[in-house]
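In case you want the letters, here they are:
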Amino acid sequence: MLRDAPKAIYLKDYTPPEYLIDKADLRFDLQEEQTLVFSRLEIRRNPGSTAAAGVLYLHGEGLDSRALSINGRSLTPEEYQVEAEGLSISSVPERFILESEVSIRPQENSALEGLYKSGTMFCTQCEAEGFRKITWFIDRPDVMTRFTTSIVADKARYPVLLSNGNIQSSENIGEGRHQVVWNDPFPKPSYLFALVAGNLRHIEDSYTTASGREILLRIYVEPENIDKCDHAMRSLKYSMAWDEQNYGREYDLDIFMIVAVNDFNMGAMENKGLNIFNSKFVLARPETATDRDFQGIEGVIAHEYFHNWTGNRITCRDWFQLSLKEGLTVFRDQEFSADMGSRGVKRIEDVRLLRAHQFAEDSGPMAHPVRPDAYIEINNFYTVTVYEKGAEVVRMLSLLLGSEAYRKATDLYFQRHDGEAVTTDDFVRCMAQAGGRDLAQFKRWYSQAGTPELRVSGEYDATAGNYLLTVEQSTPATPGQPVKQPLHIPFAVGLLNRQGRDIPLRLEGDSLAGATTRVLELRESRQSFRFLDIAEHPIPSLLRGFSAPVKLIFEYSDADLMFLMANDSDGFSRWDAAQILVQRILLRRISEPEEALPDGLVEAFGRALTDPDADKALLAEVLTLPSESYLGDQMEEVDVDGIHQSREALKQLLARELRAELLQVYYAGREQGGYDIEPASIARRSLKNICLGYLAQLQDEESLGLCVDQYRQGHNMTDVMAALSLVADSDADERGHLLADFYQRWQGDQLVLDKWFTVQALSRRQDTLEQVERLTRHPDFSITNPNRVRSLVGAFCSANPVRFHQADGAGYRFLTDRVLELDRLNPQVASRMLRLMTRWQRYDQSRQNLMRAQLQRVLAVASVSRDVYEIGSKSLES
Ligand code: 7ML
Ligand code: ZN
């Protein structure tokens, strides 16, 4: 490496903080050139610290220090030392008041971390370590402080001034300026601090808690978006009720506020009492948002709201424990969404995401445990492993304990740790105690990276009338973890008889007879289970409901899979059988493009399409072919073009064979009457649009006509985007007209314009890279707006593999150019983009060389950020 390698931070080095901050009084003077931050901190030595007394270290980055005093006396330059990432003050007393004044420049903050400007609005993002860019502080989650925040600003420009907690006072202070003071009674870590100032409007509602407290609810947005907040408000109230019913958790402050911001690095942020959201996860009207967008809003509102208990009241001791709050909160929001819509479909979507992204991460150079043991830049660990695999780990605990004991365990967790900063071990201890279970082995799920593989085989003994299921588990090596231990895995299984019915299960040496699904508990590398009283050779239904985040290997025949598709009583397993079968066909047809489809498959799809009682939502999922990148993950070496061709050809073949049925479902599903987002309507639209997708594959006048008509009808954004993206794949003349029409119509709406960029980035046309490059020079493209970058660059590089991986490496050069440009402005977004090129080892030699050369080009830049350095170097090291 050309530069001094940034240092890693290790979990094993954790020590308690040497000092605590009981109270912080902050005063923000927001001006057009700069912001002055005055701070008064009540600090005392931590009685639990083992370090030698006397030296106080405060984090602080990019602060222009103007004053610093202890107990009212200004510090002399000899008494403190300013370093790159903070400030050391030697010989401080046991207990003292530290006052400081710093100047910061939110207007120039393009990293969108700390205090920054989004349009005309001031806002903050402090998780994980953004607070240190606002003022001197002990910026770590185990230091919990009561905050009072006073905000002073010009009243005409910034009529709304918000911070955490309850409002204490609001007054005009002359010269057109005003001051608002907020007080948060709950001690919190600095990462939950928030401030917003702007010209905002709000909608308001109220919620009465189970114990009868009335909570004021407000959603703040820029004036032009005030008509797009209703769905978010409804979602919030549902979330509040759900958390009371399912976890016994009530909201605790008198007011709960949400603010929508256009420039935001992530989805949203759970700041105490003042959640700040990427506007993408707040704003929706049927004309502007798709069904997916509506569902995304509901899920993210729930996620952030649920953090109030799982994250804020009980927080993380250190950032290695991130999954303590994130895994648990994702599991909670998944279950909430399952209850709000279709449970079966929600599970399928979550598993699809996990397999596509988390399994990929777990088998690549960035593989890490749910609780990592080292990091260079914590922002790089907000990963699908910490979030989604972390949620699967909590889900497994709830399955192992059963719903009653799980509820007892979370009750115990809230009661025992309220107000504390704790670890995943503390969480598991509550589960073990309330569940009366030994979870020592289970804890390996937190420390061991990699996706376990279950090799399963079945043996039927006709004379004895029993079925022996043998399971071998193993986990492949991951960087830094060459040897893996066996895990404690809940493995849900059923057995189907030849009529396709569930067989009541009786296990040898077990009294619990009669259930049709059994959760077997795997603990050893190899285990066998004998099922008794089995009259005929059964077909096993394995890993029902995806009971553990593992890869299942069982030698099903194509006929077995079709049988499970048709008969399994578990909806997830029916879908999974179909996916495995389709995946097999797609992979086989890469080398044998003319290979016939298994007997009966087309007929089965045809029957499902014309069955009036079919579950439309599930059918839509079944008809959704595995993505090209997921298929690539299933190959020894990714064959980018082969996969693309095979997938396109199968779509076309099915469309030809099932044209009549597809048309029938399409016409039957067309919009009649008003639009609503009931699960049944969403399912109908999604099935209808999948049918349209197959039909468009025929590339004839008639199906193109259907797409154009659907676009022009313009009933709702779901239908408009479905039609537009199909036309965008084509070479038809209408393509240009519709794209221009869409642009004209939605030019003024940032979130809809993002869709316009994405639909072009995802086109399968040959010239897509050229078009994407051209679009980076479009006046509406902005490298500083993360949503816009993701909508064009992110979409192209992550979801259009056949064009991104084009053989000459132009896609890689394009991404690298954007990463280097971004890294100077916003390292977090740059590093997320660079990740899209880190799995180079999965490709052919020529593509490997091209990607490596680009990664080396990134690392050769001396000023590269810690974020990008960590991703680039770990990818090249492995
Ligand atoms: C997950 C978030 C972050 C990063 C939001 C930022 C958050 C950290 C924050 C699920 C649903 C919505 C957003 C996120 C997400 C990556 C993903 N604390 O609340 O976790
Ligand atoms: Zn979260």
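Parameters at a glance
Residues numbered from 1 in each chain as written. Chains lettered and ligands numbered in written order. Predicted model: local features only at pLDDT ≥ 70, side-chain atom pairs only at ≥ 80, totals over all residues. Heavy atoms only, no water. Core = buried A, V, L, I, M, F, W, Y, C linked by side-chain atoms within 4.5 Å. Buried < 20%, exposed > 50% of the residue type's maximum accessible area, 1.4 Å probe, protein only. Helix = DSSP H or I, 4+ residues; strand = E, 2+ residues; numbered from the N terminus. Disulfide = S-S within 2.5 Å. Donors = N, O, S within 2.8 Å, 3.2 Å for Na, K, Ca; no water. Phe/Tyr/Trp six-rings, centres within 6.5 Å; stacked < 30°, edge-to-face > 60°. Lys NZ or Arg CZ within 6 Å of the ring centre and 35° of its normal. Near = heavy atom within 4 Å. Polar contact = N/O pair within 3.5 Å; in protein donor to acceptor, adjacent residues only side chain to side chain. Areas by Shrake-Rupley, 256 points an atom, 1.4 Å probe, with all protein chains shown as cover. Nonpolar A, V, L, I, M, F, W, Y, C, P; charged D, E, K, R; others polar.

Draft legend 1. Representation of the nonpolar core in the model. Ranked by size, the top nonpolar core spans 279 residues in total, and within it Leu-56, Leu-98, Phe-427, Phe-491, Phe-531 and Phe-742 carry the most contacts. Here the element with the most residues in this core is helix α5 (residues 384-401); it accounts for nine residues.

Draft legend 2. Region of the structure containing the state of the cysteines. Within this structure, the stated rule accounts for zero disulfides. With no disulfide partner, Cys-123 has as its closest neighbouring cysteine sulfur the one in Cys-126, 10 Å distant.

Draft legend 3. A look at the coordination of the zinc ion (ligand 2). The zinc ion (ligand 2) binds to the protein through His-303 (NE2), His-307 (NE2) and Glu-326 (OE), with metal-donor distances spanning 1.9 to 2.1 Å. Donor residues for the zinc ion (ligand 2) sit on one chain with the sequence pattern H-x3-H-x18-E. Pair check on accessibility: His-303 and His-307 agree, each one buried.

Draft legend 4. Representation of the packing of aromatic side chains within the structure. Throughout the structure, instances matching the rule amount to 37 aromatic pairs. Taking the centre distance of 5.8 Å and the plane angle of 40° together, the rings of Phe-147 and Phe-193 count as tilted. Placement of the pair is Phe-147 in strand β12 (residues 145-154) and Phe-193 in the loop between β15 (177-188) and β16 (195-198), with a sequence separation of 46 residues. Judged on exposure class, the residue Phe-147 and its partner Phe-193 are both buried. Arranged with centres 6.2 Å apart and planes meeting at 45°, the rings of Tyr-375 and Phe-381 form a pair that is tilted. Note on Tyr-375: relative accessible area 7%, which makes it buried. The buried category is assigned to Phe-381, whose relative accessible area is 3%. Joined through ring pairs, the aromatic side chains of Trp-242, Tyr-247, Tyr-251, Phe-256, Tyr-305, Phe-306, Phe-331, Phe-336 and Tyr-406 make up one cluster. The residue whose ring lies beneath Lys-12 is Tyr-10, and the NZ or CZ to ring-centre distance is 4.5 Å. Above the plane of the ring of Tyr-14 lies Arg-317, whose end atom (NZ or CZ) is 3.7 Å from the centre.

Draft legend 5. Geometry of the site of ligand 1. Among the 13 residues in the neighbourhood of ligand 1, the closest are listed as Glu-127, Glu-270, Glu-304, Glu-326 and Tyr-387. One nitrogen or oxygen atom from the side chain of Lys-325 is found 3.3 Å from a nitrogen atom belonging to ligand 1. Tyr-387 places a polar side-chain atom, nitrogen or oxygen, 2.6 Å from an oxygen atom of ligand 1. Burial of ligand 1 by the protein chains amounts to 85% of its free accessible area of 430 Å². Elements with a minimum of two residues in the shell around ligand 1: β20 (268-269), α2 (291-306) and α3 (322-340). For the shell around ligand 1, the leading source of residues is α2, giving three residues. Of the residues belonging to the shell around ligand 1, the class tally is six nonpolar, two polar and five charged.

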